[in-house]
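Per-entry structural report
The chain contents come next:
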Amino acid sequence: MRSPRKTPYLWERPNTDSFWFSRAVPKHMKIVEGRSVIQFSLGTTDREEAKALVRHHAAKFDIKWGLAAPTVRESDALDPSIHAVTVGYDRMMAALEADRRTWPDDDGSYVDQLNKRQNDARKINRRIADGILSPWEAMADRVIADKGFTIQRGSQEHADFVRSLAHASLDALDTFNRKHGGELNAAPRTSVVQEAKAKAADKAAPSEGIMDLFERWAADALAKSEKREDTINQDRKAIAQFVTFVGEGRSIRSITPLEVAEYRDTLRDLPPKWMSNKLLKDLPIREAAAKAREMGLPCTAFTSVNKALSTISPLFKFLAAQPKWAGLRNPCDGLFHQKVKGKNRRPSFSTDHLNTILKSPLFTGFLREGKEHLPGNQHADDWRKWVPLVCLFSGARIGEIAQLRIGDVRQDHRMWFIRIRENEAEGLQTKSRQDRPALIHATLEAIGFLSFHDRQLERACGDLRAPLFPDLEPNARGQISGEPSRWWRDYLANIGVKNGADGFGAHSFRHTLADRLRVEAELFDHNIAVSVRARGVISGVD
């Protein structure tokens, strides 16, 4: 007997009761998703319900990844409020009108039937006022199962959906009674129905959804070299989250300042990196924010909220400058938090810190690979040792040093210097997008950096284009600084220099040099050129 056919992407994860969704990310979308596999709990132990949910999520990803065209507008498919009104209001109105056509023709009987409907409306109104919502709970469960919504019973989102269905049903009866009682232009009165109708009436035209318009803006920014590819990828994620919040398929003109303000406040209620929190990551954003408040989790910083708005705002500014969108209002205007300033997330190292670092096992002898913080007889001669030291004595950023080619270390007029380069074709980047030189500090020469360079040149058989630190590779975002940054944070914690999220890391070497230039060389910020004035200013280190 043949085994039953398996449902694609349905995963029975070991040691869990609920079914999971698991799907590999296509190669061309890995940099957008930031991961190679999408996995999350479906929140159900019922196999048939899980199958329906898997098909729903698979279809969403097919559309998102360009593997299939949407067969229905995504705003209709994904917005529960639209379905609450479709079922509770539109279908009830249709049923009421169909029933009305069966009423007797004589006026007396017609009035009797209308009175019955008015009594029905009063009964429903009393039930809703008393909180008796069981008829709509059953209706909600049928809609959720049919549409594959990931709305869990007992959640605030489920309660809101049931309430929307109830209010929409009452509004249908009220509108019907008013219309056939003499108010020929009777229209819905509840905010639930009015808002859903407004959304449905103001959908985006084909190829003019918010994400479509973002891609136009992104292409323009890339063509003008205003943005890097990695920055665009991060902006794309931020815009996609905003679109999920306001509803997919919305017209750009329909986005209101009130919605943006609600989004801003929801972000503020969420903890930093909430998508990595196992208690929140599978929840819709509004529900995650409500749960975070209940749990008393830390709030996202005002500066981070402003950063999110500063990703949305340029899209509206760009479109407002296009003839078709002339006059488009920017709903972000006036909503940025004022007079907020971020804390220094990367403080400088003190002299004691530097002494602790330079006397630690990495520089004096460590136990073995993976145990560099423990004393031993092994000695590092790679990026772990040289990247932070070059950052310390040059003021360069960690990514700028990690990306160096062997030929970037050179001598001119009897002076050794590092050429920090910008070349996108070769994957080389600087924040200013300009090449610059950095003199090699006498201390770096004294402790063997140029000898290390000679060894790397010999290893590469004289190839000046070979990487100076061949063990380092770019991460999924194309950043070569990812591995050394993470490694140094862990190392600093292991030797007692770093404590939790105090900001200390590899970037602190750069801040240390800048601070020493201010204090010991008595330079003002506009005079500090950290790349060429490093010689002789790091003092106080034993």
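Residues numbered from 1 in each chain as written. Predicted model: local features only at pLDDT ≥ 70, side-chain atom pairs only at ≥ 80, totals over all residues. Heavy atoms only, no water.

A look at the overall build of the protein chain
Tallying secondary structure elements over the protein chain gives 21 helices and six strands in all. Relative to its 542 residues, the protein chain shows a buried fraction of 43%. In the protein chain, of all internal contacts separated by at least 6 residues, the share reaching a separation of at least 24 is 60%. (Helix = DSSP H or I, 4+ residues; strand = E, 2+ residues; numbered from the N terminus. Buried < 20%, exposed > 50% of the residue type's maximum accessible area, 1.4 Å probe, protein only. Contact = heavy atoms within 4.5 Å.)

Some details on the side chain of Ser254
Structurally, Ser254 is set in the loop between α10 (229-246) and α11 (257-269). At 2.6 Å, the side chain of Ser254 and the backbone oxygen of Ser251 are in polar contact. Every residue in contact with Ser254, bar those within four places of it in the chain, is listed here: Asp202 and Glu259. (Polar contact = N/O pair within 3.5 Å; in protein donor to acceptor, adjacent residues only side chain to side chain.)

Here we look at the pairing of strand β6 (residues 436-439)
By the alternation rule, side chains of β6 split into Arg436 and Ala438, which are all buried, and Pro437 and Leu439, of which none is buried. Pairing geometry for strand β5 (residues 415-420) and β6, over four bridges, is antiparallel. Looking at the pairing, Phe417 lines up with Leu439 of β6. (Pairing = 2+ DSSP bridges.)

Quick notes on the sheet that holds strand β1 (residues 10-11)
Consider a sheet: its strands pair through backbone hydrogen bonds, and that pairing is either parallel or antiparallel. Here we have three strands laid out as an open sheet, ordered β1-β2-β3, and antiparallel in their pairing. For this open sheet the edge positions go to β1 and β3 (37-41), each flanked by a neighbour on one side alone. Here two bridges tie β1 to strand β2 (residues 20-24), and the two strands are oriented antiparallel to one another. Residue Trp11 lies in a different strand from β2, and its bridge partner there is Trp20.

Let's talk about the side chain of Thr266
As for its position among the elements, Thr266 is in helix α11. A residue is classified by how much of its surface remains accessible, and Thr266, at 9% relative accessible area, is buried. What Thr266 contacts, discounting residues up to four positions off in sequence, is Phe245, Ile285, Arg286 and Ala289.

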